[in-house]
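Here is what each chain is made of, one letter per residue.
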Amino acid sequence: MSERQHHPEIEADKRADRRTWIYFAGFLFASFLVLSMSDQHDMRRAGADHPEMAWLSQATSHLVILAMTPFITFMLSRFPLSDWRRSLPVHAGAVVVFSLVHILAMVALRKALSPVFIGVPYEFGLADPSTWLYEFRKDVLSYALITAIFAMNRLAEQRGLEAKAAQKEASERHRLTLKSGGRTYFVDASEIVWVRAASNYVEVVTPGRTYLARATLTELEKLLETAGGHHVRVHRSHLVNLDRVTEIRPTGEGDVTLTLETGDDVPGSRRYRERYAGAA
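Reading guide: rules and limits
- Residues numbered from 1 in each chain as written.
- Predicted model: local features only at pLDDT ≥ 70, side-chain atom pairs only at ≥ 80, totals over all residues.
- Heavy atoms only, no water.
- Helix = DSSP H or I, 4+ residues; strand = E, 2+ residues; numbered from the N terminus.
- Rg over C-alpha atoms; globule rule 2.2 N^0.38 Å.
- Buried < 20%, exposed > 50% of the residue type's maximum accessible area, 1.4 Å probe, protein only.
- Contact = heavy atoms within 4.5 Å.
- Areas by Shrake-Rupley, 256 points an atom, 1.4 Å probe, with all protein chains shown as cover.
- Lys, Arg positive; Asp, Glu negative; His and termini not counted.
- Charge placed at Lys NZ, Arg CZ, Asp CG, Glu CD.
- Pairing = 2+ DSSP bridges.
- Axes fitted to C-alpha atoms, helices over the stretch in contact; angles between N-to-C directions.
- Core = buried A, V, L, I, M, F, W, Y, C linked by side-chain atoms within 4.5 Å.
- Phe/Tyr/Trp six-rings, centres within 6.5 Å; stacked < 30°, edge-to-face > 60°.
- Polar contact = N/O pair within 3.5 Å; in protein donor to acceptor, adjacent residues only side chain to side chain.
- 1 Å grid on protein atoms, 1.4 Å probe; cavity = no way out; pocket = protein on both sides within 12 Å on 5 of 7 lines; lining within 4 Å.
- Points joined across faces, edges and corners; volume = space filled by probe spheres on them.
- Nonpolar A, V, L, I, M, F, W, Y, C, P; charged D, E, K, R; others polar.
- Parallel < 35°, antiparallel > 145°, perpendicular 65-115°, else oblique.
- Left-handed = near helix turned anticlockwise from the far one by under 90°.
- Salt bridge = Lys/Arg side-chain N within 4 Å of Asp/Glu carboxyl O.

(A) Summary view of the overall build of the chain. A tally of helices and strands in the chain yields 6 helices and 10 strands. Since a compact globule built from 280 residues should have a radius of gyration of about 19 Å, the 29 Å found for the chain marks it as more spread out than a globular shape. By principal-axis analysis of the C-alpha atoms, the chain measures approximately 90 × 60 × 30 Å. Sorting the 280 residues of the chain into buried and exposed places 38% on the buried side. Put simply, of all contacts in the chain between residues at least 6 apart along the chain, 51% involve residues at least 24 apart. Element-wise, carbon and sulfur atoms account for 57% of the exposed surface of the chain, whose accessible area totals about 16,600 Å². Across the chain, the centroid of the 34 positively charged side chains sits 1 Å from that of the 32 negatively charged ones.

In structure tokens:
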């Protein structure tokens, strides 16, 4: 029997979910305490006969939500938000299932536990459509919040996985992994002439092409260092390959302009003078 193959992306999602469960359980417990105390306070002010019912109501609701969370993570795995055109209609249907189970389960628990802990029967009003609508609105928010929390943590874990793969590629094959326009490009570090920061992106210039990649200048600087490139920061928003510098011209007050093999001019700040001085 062959050994079961492990997929790094699936394992990354599992790691993210395990970590998220800890945060989410803590969040639910805090939510239970705050809402229970608030509801009990409001019931006392309204003169309700059993204000302690607030604790039972919130406990059953939160417990069912916690029990239903694996259903949401399952739906998120089968229908990821990255493919939102296909996934959103499915998640819209899943919200209905989530809400239906949540309402019926918590009402059943309250009916079973209220006579034991509160000493009175529990009445919810399932025959009233407005009651279902009231609960459904809250369940839509709960489903969306839980989905967003787990999806964001999965995305962060996947980004970490991609960063490790990019570091390995840079170290072993001396090339950078650039994601641009939904595609992944592998560019030899020696071919990169200069790089410029552009908001949340970087422009990576080679003799034959310019890539707009989603990364920070600091991240790219570290990758180039790992890849063994002769690239240095010459300005807060520019990196250059010193092997591609043809001329350095002073511009006054200690700043310079670096001319590269491509004919491009790049500003050099006196703050980074020691890094590019050796190319002069």
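Once you've had a look at it, read on.
(B) Quick look at the sheet that holds strand 6 (residues 231–235). Read from one edge to the other, the open sheet built from 5 strands follows the order 5-4-3-7-6, with strand pairing classed as antiparallel. The open sheet has two free edges, formed respectively by strand 5 (210–213) and strand 6, since each of these has just one partner strand. The sheet shows a mean angle of 25° between the axes of neighbouring strands, direction not considered. When strand 6 meets strand 7 (residues 238–241), the two strands line up antiparallel, connected through 4 bridges. Each residue of the ladder has a partner; that of Arg233, found in strand 7, is Leu239.

(C) How the structure looks around the nonpolar core. Core analysis: the biggest nonpolar cluster contains 24 residues, and Phe24, Ile65, Phe98, Phe124, Tyr143 and Ile146 have the highest contact counts within it. Every element with two or more residues in this core is listed here: helix 1 (8–45), helix 2 (53–78), helix 3 (84–117) and helix 4 (129–173). In terms of residues, this core owes the most to one element, helix 2, which gives 8 residues. Apart from residues lying up to four places away in sequence, Phe24 is in contact with Ile65, Leu66, Thr69, Ile146, Ile149 and Phe150. One finds Val202, Ala215, Leu217 and Leu223 within the second-largest nonpolar core, a separate group that totals 20 residues.

(D) Quick look at the packing of aromatic side chains. Across all of its chains, the model carries 8 aromatic pairs by this definition. Three or more aromatic residues joined by ring pairs make a cluster, and in this case those are Trp21, Phe24, Phe27 and Phe150.

(E) Here's a closer look at the side chain of Thr60. With respect to the helices, strands and loops of the structure, Thr60 is situated in helix 2. For Thr60, a relative accessible area of 2% translates into the label buried. Of note is the side chain of Thr60, whose polar atom sits 2.9 Å from the backbone oxygen of Ser57. Sequence-distant contacts of Thr60, that is, excluding residues within four places in its chain, are made with Met106, Leu109, Arg110 and Leu113.

(F) How the structure looks around the layout of surface pockets. Roughly 1,200 Å³ of volume is contained in the largest pocket. Around the largest pocket, the lining comprises 35 residues; the ones closest to its centre are Gln158, Arg159, Glu162, Ala163 and Lys179. Top contributing element to the lining of the largest pocket by residue count: helix 4, with 12 residues. Reported here for the second largest pocket is a volume of approximately 600 Å³. Along the wall of the second largest pocket there are 25 residues; nearest its centre are Leu35, Gln58, Ser61, His62 and Lys138. Listing elements by their share of the lining of the second largest pocket, those giving two or more residues are helix 1, helix 2, helix 3 and helix 4. Broken down by element, the residue count for the lining of the second largest pocket peaks at 8 residues, all from helix 4. The residue makeup of the lining of the second largest pocket, split by class, is 13 nonpolar, 7 polar and 5 charged.

(G) Highlighting the environment of Ser171. Topologically, Ser171 is positioned in helix 4. Separated by 56 residues in sequence, Ser171 and Ala227 have C-alpha atoms that sit 5.1 Å apart.

(H) A look at the packing of helix 2 against helix 3. Packing of helix 2 against helix 3 brings their axes to within 9 Å, and their N-to-C directions diverge by 150°. In terms of orientation, helix 2 and helix 3 fall into the roughly antiparallel class. Remark: the crossing between helix 2 and helix 3 carries right-handed chirality. Within the contact of helix 2 with helix 3, the residues separate by chemical class into 18 nonpolar, 6 polar and 3 charged.

(I) Examining the pattern of salt bridges more closely. The final tally for this structure, using the stated rule, is 15 salt bridges. Measuring nitrogen to oxygen at the nearest pair gives 3.9 Å for the salt bridge that ties Arg173 to Glu169. In this pair, Arg173 and Glu169 are both assigned in helix 4, 4 residues apart and thus about one turn of the helix distant. Given the relative accessible area of 51%, Arg173 is considered exposed.

What is shown is where atoms sit, not what they do.
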